[in-house]
Amino acid sequence: MNNEIRWFCHLATTRRVLTPDDCAAVVEAFAADNIQPDLQDFVQAFVDNNLCKQPDQLEAVMNEAADAAGGGPAPRLRWLPGDAPAVPPGAEGWLCGWPQLEQAATASADQARDIMYQFLQQARACGCSDVHVSAGARPFVRRFKHVHLLPDQDALSPEAAQALNLSVLDEAQFAIFQQHHDLDFSFNVGADERYRTNLMLQRLGVSGSYRVVDTRIPSLRELGFARPEILEKLTTYHQGLILVTGPAGCGKSTTLTAFIDYLNTNRHDHIITVEDPIEVVHQPKNCNVTQREVRRHTRTFASALRAALREDPDIIIIGELRDLETIEMAIRASETGHLVIGTLHTGSAATTMDRVLDVFPPSQQAQVRAMAAESLKGVVCQELLPNRDNDGLVLAAEIMLGTLAVSNIVREGETFKLPSIIQTSYNTGMCSMEQSYFDLYMADQRSYDQTAPQIRNPELLRRMQINEAQRNAQAAGLNKKKRGWFG
């Protein structure tokens, strides 16, 4: 294939005018007949065989490909056998065959954007959660909580990193980045592929971190909670505070999205969300969903919450409870007849309440404890862990409900008692993180070696050891039945 045809295939597949399979079929057909087509004949083959659903766009792509062919090297097409690189020793197959990002150093702005889009689409297809494109470093991705360097990529020059990362910005975003040298935003590739992004200027140049946002909104029952009905029951409250917590990358945003979708489907209310940035776009179903983005639609979380109280909301969703003013507004909103759902970066239900209460000055502590005790409906603290085979993730979750006992502990400021309350209230719907680890092991979703270091309860550890011995005996084909005195 000549450079024009390579550029045409690259542009047409990136923009989804054609599929890689259709392009490969036409290339193979010409090769089988030993024909070297020009670009016009190559494009005509798609029209003649009805392989394109958007034939009106073919001419524009063809003209752009002809211009691009004279401006730089032709891109590699990973779906062609001759272009797919050999897998280096010790590397997994999915790590190879990605678009070469260093090409962007000499490409036009549109070409750099197409290369970046194709790279992100490859990450999505491989099941990656995060993509990192940094000046001075090889591109790397995060997949199932593990970081992988792409072996067939070169370290990015400052020119390539800048061209790639800035190619996804519009004019307003570019102006903000030029002024502040960092930026949080989301953008779409095509109709439904969305990415949450942070750009920053660092010592070696421009770097970007891209979070892959799922195209489909999962239900609460699909997320992996042991008892999803407990979370569904939380959504039936018409006022109160629900907190979704956990470390970075634990799936808080996905759980929050599932909450919004469940409310949107099962209630008839006005939902206002305040996010930074908007990750998943929710179309109104049975609820009117108003989504606001910090800095784009409002100045801060606190100002958006203050305004929301005058916008007739029934449910307020807060992307992150970051500071005293935002937390105070959230607690007050939950007291004044609104259901408020927000997220925090905390590792357990007990530390969540400490974080919420400790941001207030000592003079307000008693009042805030009383308000939080009255409004708290539940805390969902979650963590994503590699599964038994390290080829996927499983969810561990600690759930604390706003029962009378929990309210009294919060009111008295004795949050150190919360872990024991959670541990002894399993029958009421609560679950400790340790119990969740144990349940994942018993369901054979995590191995003994993965789980044992996380278990401190002697009784749970003893039950795990007994179960592991039984599994090992069964795997070895031994008879587990007890033998009598005479065999």
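Everything in this summary refers to the structure shown in the same document. In this text, all values refer to a predicted model and were calculated from it rather than measured experimentally.

With respect to burial, helix H16 (residues 433-442) is a largely interior element, 8 of its 10 residues being buried. Of all the residues in H16, the buried ones are Met433, Glu434, Gln435, Ser436, Tyr437, Phe438, Leu440 and Tyr441. Against the buried residues of H16 lie strand E12 (376-386), strand E13 (393-401), helix H17 (448-451) and helix H18 (458-475).

Now for the sheet that holds strand E6 (residues 205-213). A sheet is described by the order of its strands in space; here 6 strands give the open sequence E3-E2-E1-E6-E5-E4, paired in antiparallel fashion. With partners counted over all chains shown, the strands left at the sheet margins are strand E3 (146-149) and strand E4 (182-189), one partner each. Put simply, the sheet's adjacent strands are angled 20° from each other on average, direction ignored. Taken together, the 9 bridges between strand E5 (residues 193-202) and E6 define a ladder with antiparallel strand orientation. What sits directly across from arginine 194, in E6, is valine 213. Contacts from helix H5 (residues 109-125) reach strand E1 (130-134), E4, E5 and E6 within the one sheet, and its direction differs from that of E5 by about 120°.

Moving on, we come to the nonpolar core. In this structure, Ile318, Ile331, Ile341, Met353, Met400 and Val406 are the most contacted members of the largest nonpolar core, which totals 64 residues. If we skip the residues at most four places from it in the chain, methionine 353 touches Ala372, Leu376, Val379, Met400, Val410, Thr415 and Leu418. Grouped together as the second largest cluster of nonpolar side chains are 36 residues, Ala104, Ile115, Phe119 and Val212 included.

A large share of E13 lies buried, amounting to 8 of its 9 residues. Hairpin geometry of E12 and E13 is characterised by an intervening segment of 6 residues between the two adjacent antiparallel strands and by a positive phi of about 60° at asparagine 390.

Turning our attention to the sheet that holds strand E7 (residues 240-245). Strand order in the open sheet made by the 7 strands is E9-E8-E10-E11-E7-E12-E13, with mixed pairing throughout. Looking at the sheet topology across the chains shown, the edges are occupied by strand E9 (288-293) and E13. Across the sheet, the mean angle from the axis of one strand to that of its neighbour is 15°, orientation sign disregarded. Strands in contact with H16 are E12 and E13; relative to E13, the strand with the most contacts, it is inclined by about 145°.

Next up on the list: the environment of valine 280. Among the secondary structure elements, valine 280 is positioned in the loop between strand E8 (270-275) and E9. Under the relative-accessibility criterion, valine 280 is labelled buried at 14%. Not counting the four nearest positions on each side in its chain, valine 280 is found in contact with Arg194, Val213, Ile217, Thr257 and Gln291.

A word on the pattern of salt bridges. Charged atoms that come close allow side chains of opposite charge to pair. Under the defined criterion, the tally for this structure stands at 18 salt bridges. Measuring nitrogen to oxygen at the nearest pair gives 3.0 Å for the salt bridge that ties aspartate 276 to arginine 322. Residue aspartate 276 is found in the loop between E8 and E9, and its partner arginine 322 is found in the loop between strand E10 (315-318) and helix H11 (324-335); the two are separated by 46 residues along the sequence. By relative accessible area, which is 15% here, aspartate 276 ends up buried. Judged by its relative accessible area of 43%, arginine 322 is partly exposed. Arginine 306 is the partner of glutamate 325 in a salt bridge, and the nearest nitrogen-oxygen pair spans 2.2 Å. Placement of glutamate 325 in helix H11 and of arginine 306 in helix H10 (residues 301-308) is noted, with a sequence separation of 19 residues between them. According to the relative accessible area criterion, glutamate 325 is partly exposed, its value standing at 37%.

Calculation notes
- Residues numbered from 1 in each chain as written.
- Predicted model: local features only at pLDDT ≥ 70, side-chain atom pairs only at ≥ 80, totals over all residues.
- Heavy atoms only, no water.
- Buried < 20%, exposed > 50% of the residue type's maximum accessible area, 1.4 Å probe, protein only.
- Helix = DSSP H or I, 4+ residues; strand = E, 2+ residues; numbered from the N terminus.
- Contact = heavy atoms within 4.5 Å.
- Pairing = 2+ DSSP bridges.
- Axes fitted to C-alpha atoms, helices over the stretch in contact; angles between N-to-C directions.
- Core = buried A, V, L, I, M, F, W, Y, C linked by side-chain atoms within 4.5 Å.
- Salt bridge = Lys/Arg side-chain N within 4 Å of Asp/Glu carboxyl O.

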